[in-house]
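As a plain string of letters, each chain reads:
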Amino acid sequence: MSTPSQKVSSSNKQIYQRLKQAIDLNLRRQIFIAACDDLCLRDCLAARLQAELATDSADSISRPSSIDYPRFVSLELDVSDPNPWDSIAAWLTQHPPPRNGGSGGRLPGFQILGAEHLTRHSPAVQWSFLSYLRDIEANLQMCESTLLLWVSRPWLSSIEQSAPEFWQWRTGVFEFEGEPTPAKADFGHSDDFGHSENFGNLRDNGDSDDQLLRSSESGESPIPHEQVPIPDPPSPAKDAKSVELADLVLAATSEELEAENNPASEDNFLPLQTLQYIELLQEHQCCSEALALAYHSLGNYYRDRILGGDASPQNLTIAIRAIEQVIAYLELDDNSEQDQPLTDECARLISQLTQNLTQYESNNLPPISDLINDLGTFYWMLSRDRTQHNSADPVSCLERSIALYLEGLNRTDADSEPQTRVRLNKNLGIAAADLARYQDKTENLQQAVAAYQQALLDLDPAAEPQQYAAAQNNLATAYWNLAQDGQPIVYLKSAIAAYTQALCCYSPDREPLNYAGVQNNLGTACWNLAQHEPSELLLVRAIDAYREALKYRTRELVPAAAAATYNNLGTAYWHLANQFQQQQARTESLQQAITAYEAALDIAAKLVSEALEEDRTQLTFDTLAARNNLGLAHYQLATDPDFAVNKDAQTSHLEAALHHQLQVCAASGQYLQDKGLTYGDKLNLQAPVNSQAADSRQTALSYIVKTIRAFYSECGLQGQNLALSKVPGDLLPEILRRL
């Protein structure tokens, strides 16, 4: 093949480099498809691949040999019998690999050209080519290295539709830019069937095609029996779970290789290499432990990606399927009544596997209880994924996760590592608490409490303070959630005790955010208990906890969390002022409440103005309710007898109260208008957010009327007119009617 001259675009150069890098890895059974309509460009790219990959200069230097066995071979498709497998077999027969192990003992890669010439041959010949591709599984032994098939874009579509078996085995597809070039008309007297856009409909082109399809499906090979046989028999059939897992891995790897700006690397092909080891182990009927180790290596590859932040549903599903295979093979090994002798080939494969694939210091498999724990955790992570690509039912995932944690605990005994039981119990508690959000709230929360308590029995707070504190915090949160449905005093006291224990082990210097989070939770539990057992001491304790949390929950570091704590602090001060204190202390508490609410709303407004969508969605408090409370605190200070002698301050607080109340009306009204609702429209108000906005508007309107009356009472008619002048025209009719 001569090397043509062709100007290659920058985009095509990038695609070519990705293709070359993928081929240059020289892994087993890589199936690539390159689509290019410009035949001159195709010839240029193929010739360049041939020149750059045909020999390995490094190997030639290190291996003094008179035989230079190629690493990459170009073959032209025989259009009279378009069987790529026969072409490869014929070449290998004429050029047998050197016995001295040249080129590392590996077969060369092959690129197949000439498929575009099939456009000028009969539909039967065209369909026979697709039939040969469909027989890929029977010829996989031919593809010990790389196969690159060059086709046009219409043929690419035909292969996907009419040769799905070949398409499923693809490692990657590389599509080059270029205008279509007519094929050369030098193929005898065959009928001209024009362009290949019609190939996708070959199934409907007459009896000859139907006969080809039937013979292929009936198990008769459409490959003619020539003097060059296919070297090896097909692999034995795999079980359904192995096939499903292989399909998932192949699909994931193919997507990565086809993705733009994602250069191929050896790491991309590690899952494929692992699958190849698994297939060889299965072919040689190696021991179950070896297969378990191979599947564990595959699972660890995706486990590392998940722990690195790529917890996509695809990665989670593959990790789940891989670990399920590990457990299945380990149990098969345990139940086996006789140990089969290890063959030399199995020993060699296992040695290669442990050296090349297992990326850990020890090649030993972990205890099965640890594997079950990992499997349960992946199901739990899948239940929390809310992306559109995740079709898994969260309830089913959580139920499966809980069942696995319980099974893992059943497999532990007195000799098991305490950390194993701790891990399983803690994870069981988390999964049960999550399931309580969907169904059987009390029952699942009680299971979570029991699991956390069991975990704490195996934890030493002196030796493992962080784990102990985390378990206590989770236990306290489960108690707090139980308190919302019944026996609030009992459960809230238990929650306060657990939060207090957690604080004894969290260091604000080492873990400031965890420490601040527990302080915030403690404050909320104390405030909540004060609603059932009124106590000034509990409210003061809540205020102290919130203030301690805000030392570390700063607006600069965690703005959404800081805003929530400021809102909680304002509410605690407001309740303290209205329930227990004398006039002067009450005034001071209301002023502190105003300061806290203003801080919370200021942070929230900044998040909205800067369009920090991620932080905005993390706001855990109702900003409209906070603004209503802020207006109420100003109103109470203005109407407090201590302010009667200070008219300027009194007027200032009334104006502030009216300002915030009007803002609530405007915001809630705008929200309802955006939803196509008007105030008083009960249709669709059952939605919690809609109802919340309507309630906030109702509350604000009531306070506006009270504030305008206070203006009149404290400042006379002039004050009332001042207040009414600030009310928007669309609200005046409703306000005047209420007045």
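What counts, and where the lines are drawn
- Residues numbered from 1 in each chain as written.
- Predicted model: local features only at pLDDT ≥ 70, side-chain atom pairs only at ≥ 80, totals over all residues.
- Heavy atoms only, no water.
- Helix = DSSP H or I, 4+ residues; strand = E, 2+ residues; numbered from the N terminus.
- Buried < 20%, exposed > 50% of the residue type's maximum accessible area, 1.4 Å probe, protein only.
- Contact = heavy atoms within 4.5 Å.
- Areas by Shrake-Rupley, 256 points an atom, 1.4 Å probe, with all protein chains shown as cover.
- Core = buried A, V, L, I, M, F, W, Y, C linked by side-chain atoms within 4.5 Å.
- Phe/Tyr/Trp six-rings, centres within 6.5 Å; stacked < 30°, edge-to-face > 60°.
- pLDDT = per-residue confidence, 0-100.
- Patch = residues over 30% accessible without salt bridge, like charges linked within 9 Å, V, L, I, M, F, W, Y side chains within 5 Å.
- Salt bridge = Lys/Arg side-chain N within 4 Å of Asp/Glu carboxyl O.
- Lys, Arg positive; Asp, Glu negative; His and termini not counted.
- Charge placed at Lys NZ, Arg CZ, Asp CG, Glu CD.

Regarding the overall build of the protein
Secondary structure assignment for the protein yields 28 helices and five strands. The buried share of the protein, reckoned over its 739 residues, is 49%. Excluding contacts between residues fewer than 6 apart, the proportion of contacts in the protein whose partners are at least 24 apart in sequence is 75%. Element-wise, carbon and sulfur atoms account for 49% of the exposed surface of the protein, whose accessible area totals about 35600 Å².

Focus: the nonpolar core
Counting 75 residues, the largest nonpolar core has L475, Y499, L522, L569 and F621 as the members making the most contacts within it. Not counting residues up to four positions away in its chain, the partners in contact with F621 are A563, A564, N567, A600, A604 and A626. Judged by nonpolar contacts, the second largest core, of 61 residues, contains L27, I278, C286 and I372.

Notes on the packing of aromatic side chains
Here the structure, examined in full by the defined rule, presents eight aromatic pairs. Taken together, a centroid distance of 5.7 Å and an interplanar angle of 65 degrees make the contact between F32 and F174 edge-to-face. Of this pair, F32 sits in strand β1 (residues 30–35) while F174 is found in strand β5 (residues 172–175), placing the two residues 142 residues apart along the sequence. The exposure classification of F32 matches that of F174, with both residues buried. Judged by centre distance (5.6 Å) and plane angle (80 degrees), the rings of W91 and F110 are edge-to-face. Pair noted here: W91 is in helix α4 (residues 84–94) and F110 is in strand β3 (residues 109–113), with a separation of 19 residues, a long-range link.

Comments concerning the confidence of the model for the protein
Averaged over every residue, the pLDDT of the protein is 77; the share at 70 or more is 76%. Here residues 1–6 is a poorly scored stretch, pLDDT under 50, and it has 14 contacts once near neighbours within four places are set aside; other chains count.

Section: a negative patch on the surface
On the surface, a cluster of negative charge is made up of D393, E399, D440 and E443. Accessibility expressed as a relative area gives 39% for D393, which makes it partly exposed.

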